[in-house]
Amino acid sequence: MVFPDMECNDSRLFDTTNNVTYFVIEQFYRFRYLYSNVHPFLSFILCVLGLAANAIHILVLTRPRMRHSSVHTVLVCIAISDMGTMTSYLMYISRFEFLSDKEGYSYFWALFLKCHAMLSIALHAITLYLVVLMAFIRLSAMKLTTSRWLDHTRALTSAIFIALFVFIMCVPTLLAHQIDETTRGVSLNGMYYKYSVGFSTLMMQNGCFLMKANLWLTGIFLKAIPCLLLLCFTIALIHRLRENNEKRKILIKEERAKKRGDFTTYMLLLMVTVFLFTELPQGIMAILNALFTTQFHQMVYLNLADVLDLLSLINCYVAFLVYSFTSSRYRQTLFSLLPLTRVSYSGISTRQGTLKSHPNPGAKTLVQRANSVEVASVRSPLVDKSAATTRPNSAQPTDF
């Protein structure tokens, strides 16, 4: 992608005549040169493994015991968005890094590069807003257990509206780039043309007015606002979690129940925190990019662009890794899909876990004992003793 030297009517951020400032900026350029040799290979590996991880993630979350949760519905949408991000970036790395052409590219690949510039921003912003939606749903559930946001169809509808909103907001980014002809020549097959992608001349007119407007639009609506919402919901979740823990200590006397806690909220807090720490710096950089376009975009943003892409790819792993390490129900569902471990995890599914299908015959579970007492208490004295002895001592465990 070609970026011409931009001269926009904005204030200067750096004093390039200062030796210390010049040295720091020089280190940015040096870092970009060194890291650019490693980034394509590292990104390629992350994309391939990330596509496999998110495919497994979707497969697990769409199982019958997992699919009716609104949070899981949003997680599936996040995984689909992440797979789109990694697919687009994998194609970009393969063609424009490993198979780069200094003369230019065919019109098809130039068009792909133009769309990739928009898709990489849009899909990542969709993921960010979906994480905000997931935090909102969990907070609503903690306030009211009968919240309408627990309906998975409502969550899916909200995710679709988020995707439409973000794509509309990214239309100016698509228009901000144009395809330019760089080379033409004659070959055995006839005339050939090579193209490149750069900023639109319309965007660069009037002191980069439209360019800066698009940067403000992207920085505020696709970075700053979702990061601010994530910060607010994180604080609200922590506050609500503390209140619930205090209530639990008062209502529940058993020590084991005290230690159990709200694992779902803890998992969500971990995910939101990771996204917040990786996205908040990008939000700040997006605002600075709009304020000081001439210097900050060329001297800082472009030199750290590969690092920002790397953080976006790492974020694509967050949901899969968090659920794999913290949710026993998720692991049980995952292992049940593997042929070698399917027998070991063939227990009876419940909301709180999995009851073993072959319990100790000499011991009764608490559920069985409770059901035995209930059956005995409602037994009519008119029932024949022989008929009563044929009835089971306890009801079978049911889903609860």
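Labelled according to an unreviewed UniProt entry, the chain appears under the name G_PROTEIN_RECEP_F1_2 domain-containing protein, originating from Caenorhabditis tropicalis. Checking UniProt for the chain, the heading Subcellular location (unreviewed entry) contains the comment "Membrane".

When helices and strands are tallied, the chain shows 15 helices and four strands. Contacts in the chain between residues at least 24 apart in sequence constitute 75% of all its contacts with a sequence separation of at least 6. Looking at the chain as shown, the accessible area adds up to about 23000 Å², and 65% of this sits on carbon and sulfur atoms.

Turning to the pattern of salt bridges, a few remarks are in order. On inspection of all chains with the given rule, the structure shows five salt bridges. When the shortest N-O distance is used, the salt bridge between R30 and E26 registers 3.9 Å. With R30 and E26 both in helix α1 (residues 19-35), this residue pair falls four residues apart, about one helical turn. What makes R30 partly exposed here is its relative accessible area of 46%.

What follows deals with the nonpolar core. Core analysis: the largest hydrophobic core is formed by 54 residues, its most contacted members being V74, L75, L130, M134, V166, L230 and M271. Contributing elements (two or more residues each) for this core: α2 (39-61), α3 (70-98), α4 (107-143), α5 (152-169), α7 (201-251), α9 (263-291), α12 (318-326) and α13 (328-336). For this core, the element with the most residues is α4, which contributes 16 residues. Residue contacts for V74: discarding those within four places in its chain leaves L130, L133, M134, I137 and A155. Judged by nonpolar contacts, the second largest core, of 20 residues, contains C47, L90, A110 and Y195.

Our next topic: the packing of α2 against α3. Running from amino to carboxyl end, α2 crosses α3 at an angle of 155°, the nearest separation of the two axes being 9 Å. It follows from the interaxial angle that α2 and α3 lie roughly antiparallel. As for the relative orientation of α2 and α3, their crossing is left-handed in sense. For the contact of α2 with α3, the residue count by class is 20 nonpolar, eight polar and two charged.

Below, the discussion takes up the environment of M203. Tracing the chain through its elements places M203 in helix α7. Taking C-alpha positions, M203 is 6.1 Å from A176, a pair spaced 27 residues apart along the chain. The residues contacting M203, other than those within four sequence positions of it, are P172, L175, A176, C208, F209, L210 and M211.

Looking now at the UniProt feature "transmembrane region" (unreviewed entry) in the chain. In the numbering adopted here, UniProt assigns the feature "transmembrane region" (unreviewed entry) to residues 41-61, 73-94, 106-137, 158-179, 220-242, 263-288 and 300-323. Across residues 41-61, the secondary structure splits into 100% helix and 0% strand, with the terminal C-alpha atoms separated by 30 Å. Within the segment residues 220-242, helix and strand shares are 100% and 0% respectively, and the terminal C-alpha atoms sit 32 Å apart.

Here strand β1 (residues 177-187) pairs with strand β2 (residues 190-199) via 10 bridges, running antiparallel. Across the sheet, S187 pairs through a bridge with G190, a residue of β2. Between β1 and β2, which follow one another and run antiparallel, lie two residues.

Interaxial distance between α3 and α5 falls to 8 Å at its minimum, and their mutual angle equals 30°. The angle between α3 and α5 places the two elements in the roughly parallel class. Note that α3 runs across α5; the crossing there is right-handed. Across the interface between the two elements, S70, T73, V74 and C77 from α3 touch H152, A155, L156 and A159 from α5. Here the contact of α3 with α5 is composed, by residue class, of five nonpolar, three polar and no charged.

Once that is clear, we can look at the packing of aromatic side chains. Under the definition given, this model contains 15 aromatic pairs. Ring geometry for F41 against F98: centres 5.3 Å apart, planes inclined by 50°, an arrangement best described as tilted. Placement of F41 in helix α2 and of F98 in helix α3 is noted, with a sequence separation of 57 residues between them. You can call F98 partly exposed: its relative accessible area is 36%. Measuring from centroid to centroid gives 5.6 Å for Y323 and Y330, while their planes differ by 70°, and the two rings are edge-to-face. No difference in accessibility class separates Y323 from Y330, as the two residues are buried. Joined through ring pairs, the aromatic side chains of Y89, Y92, F96, Y105, F108, W109 and F112 make up one cluster. Here the basic side chain of R154 rests over the ring of W149, its NZ or CZ set 5.3 Å away from the ring centre.

Let us now look at a nonpolar patch on the surface. On the surface, a nonpolar cluster with roughly 660 Å² of combined accessible area is contributed by F41, F44, I45, V48, L49, F98 and L99. Looking at which element gives the most residues to the nonpolar patch, the answer is α2, with five residues. Secondary-structure assignment places F44 in helix α2. Taking the relative accessible area as the measure of exposure, F44 reaches 33% and is therefore partly exposed.

Conventions adopted
- Residues numbered from 1 in each chain as written.
- Predicted model: local features only at pLDDT ≥ 70, side-chain atom pairs only at ≥ 80, totals over all residues.
- Heavy atoms only, no water.
- UniProt positions renumbered as here; feature names shortened; annotations may be inferred.
- Helix = DSSP H or I, 4+ residues; strand = E, 2+ residues; numbered from the N terminus.
- Contact = heavy atoms within 4.5 Å.
- Areas by Shrake-Rupley, 256 points an atom, 1.4 Å probe, with all protein chains shown as cover.
- Salt bridge = Lys/Arg side-chain N within 4 Å of Asp/Glu carboxyl O.
- Buried < 20%, exposed > 50% of the residue type's maximum accessible area, 1.4 Å probe, protein only.
- Core = buried A, V, L, I, M, F, W, Y, C linked by side-chain atoms within 4.5 Å.
- Axes fitted to C-alpha atoms, helices over the stretch in contact; angles between N-to-C directions.
- Parallel < 35°, antiparallel > 145°, perpendicular 65-115°, else oblique.
- Left-handed = near helix turned anticlockwise from the far one by under 90°.
- Nonpolar A, V, L, I, M, F, W, Y, C, P; charged D, E, K, R; others polar.
- Pairing = 2+ DSSP bridges.
- Phe/Tyr/Trp six-rings, centres within 6.5 Å; stacked < 30°, edge-to-face > 60°.
- Lys NZ or Arg CZ within 6 Å of the ring centre and 35° of its normal.
- Patch = residues over 30% accessible without salt bridge, like charges linked within 9 Å, V, L, I, M, F, W, Y side chains within 5 Å.

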